[in-house]
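Structure assessment
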Amino acid sequence: MPKLKKIEPLLGEELLKKVKELESLSKEDKAKQCGYYTITKNGIERVNMMKFLNALIDAEGIQLDSSPSANGRGGRSASYRISVQSNGNLLIGSAYTKQMNLEPGDEFLITLGKKHIRLRQVDADEKEGIEAIEATA
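Throughout this description, residue numbers start from 1 for each chain and increase along the sequence as written. Local features in this predicted model are restricted to residues of pLDDT 70 or higher, and side-chain atom pairs are both shown and tallied only at a pLDDT of 80 or more, whereas totals for entire chains, interfaces and linings draw on every residue. Side-chain numbers here rest on the full set of heavy atoms in the structure, without hydrogens or water.

Observations regarding the layout of surface pockets
The computed volume of the second largest pocket comes to approximately 470 Å³. Elements represented by at least two residues in the lining of the second largest pocket include exactly α4 (94-99), β3 (107-112) and β4 (117-122). Here the lining of the second largest pocket takes 4 residues from β4, the largest share from any one element. Side-chain classes follow a simple rule in which Ala, Val, Leu, Ile, Met, Phe, Trp, Tyr, Cys and Pro form the nonpolar group, Asp, Glu, Lys and Arg form the charged group, and the remainder, Gly included, forms the polar group. Looking at the lining of the second largest pocket residue by residue, the classes come out as 12 nonpolar, 2 polar and 2 charged. Only protein atoms enter the 1 Å grid, on which a cavity is a set of points fitting a 1.4 Å probe that cannot get out and a pocket is an open set with protein on both sides within 12 Å along at least 5 of 7 lines, lining residues being those with an atom within 4 Å of a point. Grid points are joined across faces, edges and corners, and a volume is the space filled by probe spheres set on the points. Starting at the N terminus, helices and strands are each numbered in turn, a helix being any DSSP run of H or I of at least four residues and a strand any DSSP run of E of at least two.

Below, the structure written as structure tokens:
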């Protein structure tokens, strides 16, 4: 059986142009016509749809991967939910404090409601008034 010449898959603008020309064909036939197939040892053609679709996405310039965060590290995104830890503490993660540009030493007033806890950041002017109230209590 003679070796068939390897067809180089189309990329970028060439791929988009060819796909538009072949709009009446099925997606498998489009992929095959654009060079996204291999021939097995048994002579069977296998269409590589994932490579074809990924090449189309790249050719369109669509960014599917999320861009890295500012500090260059991945990690979880903030869920805006926390739960009480086994020691009874509530821990507010660094994702929230960074989002609010909080610094070590920033203070908050805690207000308890029936079914909520409210944190209100205390600015410098309020700190003096609160310290005076706490001193008299």
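Thoughts on the environment of E14
Its place among the elements puts E14 in helix α1 (residues 12-21). Taking the relative accessible area as the measure of exposure, E14 reaches 54% and is therefore exposed. In sequence terms E14 and A59 are 45 residues apart; their C-alpha atoms lie 9.0 Å from each other. Think of it in three bands: residues with accessible area under 20% of the maximum for their type are buried, residues over 50% are exposed, and the middle band is partly exposed, with areas taken using a 1.4 Å probe on protein chains only.

What about the nonpolar core?
Within the largest apolar cluster, 11 residues are counted, these being L15, L16, V19, A31, C34, Y36, M49, F52, A55, L56 and A59. Of all the secondary-structure elements, those providing two or more residues to this core are α1 and α3 (49-60). In terms of residues, this core owes the most to one element, α3, which gives 5 residues. Take the buried Ala, Val, Leu, Ile, Met, Phe, Trp, Tyr and Cys residues and link them wherever side-chain atoms come within 4.5 Å; each set so joined is a nonpolar core.

Side note on α3
The first and last C-alpha atoms of α3 sit 16 Å apart over 12 residues, in line with the 16 Å expected at 1.5 Å per residue. Buried within α3 we find M49, F52, A55, L56 and A59. Seen from one end, α3 has its buried residues packed into an arc of 130°, which puts them on one side. More than 90 degrees from the buried face of α3, the exposed residues found are M50, K51 and D58. By this rule, a helix spans an expected 1.5 Å times one less than how many residues it contains. Working note: the arc is built from the helix axis to C-beta atom directions.

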